[in-house]
Amino acid sequence: MLDLAFVREHLPEVEEMLRRRGQDPAQLARFRDLDSERRQLITQSETLKAQRNRASEEIAKLKKAGQDATAQMEQTKKLREQGESLEKQATELDQQLRAMLAVVPNTPHESVPVGSSEHDNKEVRKWGTLSEFKFTPKPHWELGEQLGVLDLERATKLSGARFAVYWDLGARMERALANFMLDLHTREHGYTEVLPPYMVNSASMYGTGQLPKFAADLFKCENHDLWLIPTAEVPLTNLYRDEVIDAARLPLSVTGYTPCFRSEAGSYGKDVRGIIRQHQFQKVELVKFTRPEESYAQHEQLTHHAETVLQKLGLPYRVVLLCTGDMGASSAKTYDLEVWLPGQQLYREISSCSNFEAYQSRRANIRYRPEGSKKTEYVHTLNGSGLAVGRTWLAILENYQQADGSVIVPEALRPYMNADRIVARKS
């Protein structure tokens with residue numbers, strides 16, 4: 001959430017920011033009037049409070065002198081009732097303003113390119129050499145079925161579309177990838193592993209920006225204030241909601257492996273084949289809490305940590321800087337890592353690494369106290385996939401496929417799988 005005072009003082013700039021993000025600034029049309037009315041109510045309330053204090057002093061003097069203070073006491077009662085009414089009105093307007101700001105996206109960093117869609121994103125760098133096949137490479141859904149390790153038909157029987165069943169070495173590779181990623185991030189990159197709940201309350205969803213705007217993308221537990229997490233970013237970030245983090249602990253880095261649940265609202269007809277877009281998938285998440293002045297250096301570091309997974313697995317990829325129109329609402333700057341998929345002849349997003357600055361911490365009230373200061377400040381929060389396990393799985397199948405239909409297991413993954421090749425499974 002943007003700071004109310006900042007929006008008040010920079011309303012034209014915020015409206016222009018909305019235009020650059022492809023949104024209608026009319027959503028802030030009533031902001032100035034509501035804010036002005038709220039401030040007037042607060043001023044009137046404070047004036048009445050001062051009058052009431054003076055009246056109370058006069059009552060005390062009259063009583064001390066043994067005189068009748070009935071009229072003054074009646075006046076004090078009326079002043080209190082009027083003040084409470086004004087405070088209630090101001091609170092209601094404050095809630096309206098906060099509801100208005102809750103759906104306003106973050107201000108993009110100055111380095112973010114202006115654009116309206118993914119076509120305006122900027123390629124930053126590439127890594128790896130694209131494999132040359134002496135045969136026509138197959139997409140993962142064909143490979144997985146032929147090897148007997150990916151079963152979409154039975155998944156549909158169990159749960160419907162956009163679910164998957166993994167068999168044998170397919171299931172083992174999913175588990176191996178999660179362990180490999182967690183070991184890398186905890187042993188080499190300095191993250192602390194966390195196993196959080198897979199269901200969270202509305203306050204947690206609000207804190208990271210999923211609510212109220214993106215409720216349609218979530219799965220809600222009926223008759224409970226619980227939501228299935230769309231990403232481990234939600235519980236990991238909210239670990240410190242309404243807390244003041246010891247400044248000596250910053251930057252603070254945590255990682256977690258969880259299932260993720262998304263309704264994929266609005267994605268009808270997109271990526272209907274394979275496991276690119278699922279209602280349930282697994283992901284290793286990276287989350288950082290930093291001082292504001294360190295957040296962009298930490299953003300580059302977090303992105304490098306996610307890239308390291310792809311490099312160790314030998315998967316070619318590119319890094320793309322998202323434009324204003326393609327970036328998530330909570331983010332101030334986002335890099336997407338896109339892995340090369342030879343079976344489809346395209347790059348696919350496998351991680352988004354974002355700096356949210358104070359947007360999430362202001363919503364979730366996550367602060368720290370700078371050394372030597374009595375006042376607290378909001379931390380900056382960052383997160384990124386390190387990586388999406390299912391998409392890493394399918395990238396390995398497509399990049400390491402062989403002419404005989406088998407798939408070579410990347411060397412870094414072999415100790416976790418106790419296998420160096422995936423061959424067709426006997427039924």
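Keep in mind it's a predicted model, so treat the numbers as computed, not measured.

Draft legend 1. Representation of the environment of Thr91 within the structure. As for its position among the elements, Thr91 is in helix H4 (residues 70-102). Here the alpha-carbon distance between Thr91 and Arg154, two residues 63 residues apart in the chain, equals 53 Å.

Draft legend 2. Examining the pairing of strand E10 (residues 280-290) more closely. Among the eleven residues in E10, ten count as buried, and that is most of the element. Examined bridge by bridge, E10 and strand E16 (residues 380-388) share seven bridges and lie antiparallel to one another. Within E16, the position partnered with Leu286 by the bridge is Gly384.

Draft legend 3. The arrangement of a nonpolar patch on the surface in detail. Residues Leu195, Tyr198 and Met199 make up a contiguous nonpolar surface patch of about 320 Å² in total accessible area. Inspection of the secondary structure puts Leu195 in the loop between strand E4 (192-193) and strand E5 (199-200).

Draft legend 4. Just the side chain of Thr231, in detail. Relative to the elements of secondary structure, Thr231 occurs in the loop between strand E7 (227-228) and helix H9 (233-238). A polar contact of 3.1 Å, which involves the side chain of Thr231, links it to the backbone nitrogen of Glu233.

Draft legend 5. Summary view of the pairing of strand E12 (residues 333-341). Most of E12 sits inside the fold, with nine of its nine residues counted as buried. Hairpin connection between E12 and strand E13 (residues 346-355): a loop of four residues separates the two successive antiparallel strands, and Gln345 in this loop has a positive phi of roughly 60°.

Draft legend 6. Region of interest: the sheet that holds E4. Taken together, eight strands build an open sheet; the order of strands is E1-E11-E12-E13-E16-E10-E9-E4 and the sheet is mixed. Strand pairing shows two members of the sheet lacking a second neighbour, strand E1 (122-127) and E4, which therefore form its edges. Two elements, strand E11 (residues 317-321) and E12, share five bridges in a ladder whose sense is antiparallel. In the sheet register, Arg318 faces E12, and the bridge partner there is Glu338. Packing of helix H7 (residues 168-187) onto the sheet brings it into contact with E4, strand E9 (252-261), E10 and E16, and relative to E9 it is tilted by some 165°.

Draft legend 7. Spatial organisation of the sheet that holds strand E14 (residues 366-368). Within the open sheet, the three strands sit side by side as E8-E14-E15. Their pairing is mixed. Only two strands of the sheet have a single neighbouring strand rather than two, namely strand E8 (243-245) and strand E15 (377-378).

Draft legend 8. Fine view of the environment of Lys138. Within the element layout of this structure, Lys138 appears in the loop between E1 and helix H5 (140-147). With eleven residues separating them along the chain, Lys138 and Val149 place their C-alpha atoms 15 Å apart. Excluding residues that lie within four positions of it along the chain, Lys138 makes contacts with Leu143, Gln146, Gly343, Glu398 and Gln401. Within the local environment of Lys138, its side chain forms a polar contact with the side chain of Gln146, the two groups lying 2.9 Å apart.

Draft legend 9. Representation of the pattern of salt bridges in the model. Evaluated as defined, the whole model comprises 14 salt bridges. We note a salt bridge from Glu264 to Arg277, for which the minimum N-O separation is 3.4 Å. Of the two residues, Glu264 sits in the loop between E9 and E10 while Arg277 sits in the loop between E9 and E10, which places them 13 residues apart along the sequence. Judged by its relative accessible area of 17%, Glu264 falls in the buried class. Sharing partners across several salt bridges, the network here consists of Arg8, Asp35, Arg38, Asp94 and Arg98.

Cut-offs applied
- Counting from 1, residues in each chain are numbered in the order their sequence is written.
- Totals for whole chains, interfaces and linings use every residue, but because this is a predicted model, local features are given only for residues with pLDDT of at least 70 and side-chain atom pairs only at 80 or more, for both listing and counting.
- Derived side-chain values reflect all non-hydrogen atoms in the structure, with water molecules and hydrogen atoms excluded from consideration.
- Secondary structure elements are taken from DSSP: a helix is a run of H or I of four residues or more, a strand is a run of E of two residues or more, and numbering for both begins at the N terminus.
- Note on exposure labels: buried denotes an accessible area under 20% of the residue type's maximum, exposed denotes more than 50%, and partly exposed covers the range between, all computed with a 1.4 Å probe on protein chains only.
- Paired strands, in this sense, are two strands between which DSSP finds at least two bridges.
- The residues that make up patches have over 30% relative accessible area and no salt bridge, and they are joined within 9 Å when like-charged or within 5 Å when they are Val, Leu, Ile, Met, Phe, Trp or Tyr.
- For every accessible area listed, the method is Shrake-Rupley and the probe measures 1.4 Å; residues are considered covered only by the protein chains on display.
- Whenever a carboxyl oxygen of Asp or Glu lies within 4 Å of a side-chain nitrogen of Lys or Arg, that contact is scored as a salt bridge.
- Polar contacts, as counted here, are pairs of nitrogen or oxygen atoms within 3.5 Å of one another; within protein the pair requires one atom able to donate a hydrogen and one able to accept it, and residues that are adjacent in sequence qualify only if both atoms are side-chain atoms.
- The contact definition used throughout considers only heavy atoms, calling two residues in contact when any of these lie within 4.5 Å.
- Each axis is a line fitted through C-alpha atoms, and for a helix only the stretch in contact is used; angles between axes span 0 to 180 degrees, taken between their N-to-C directions.

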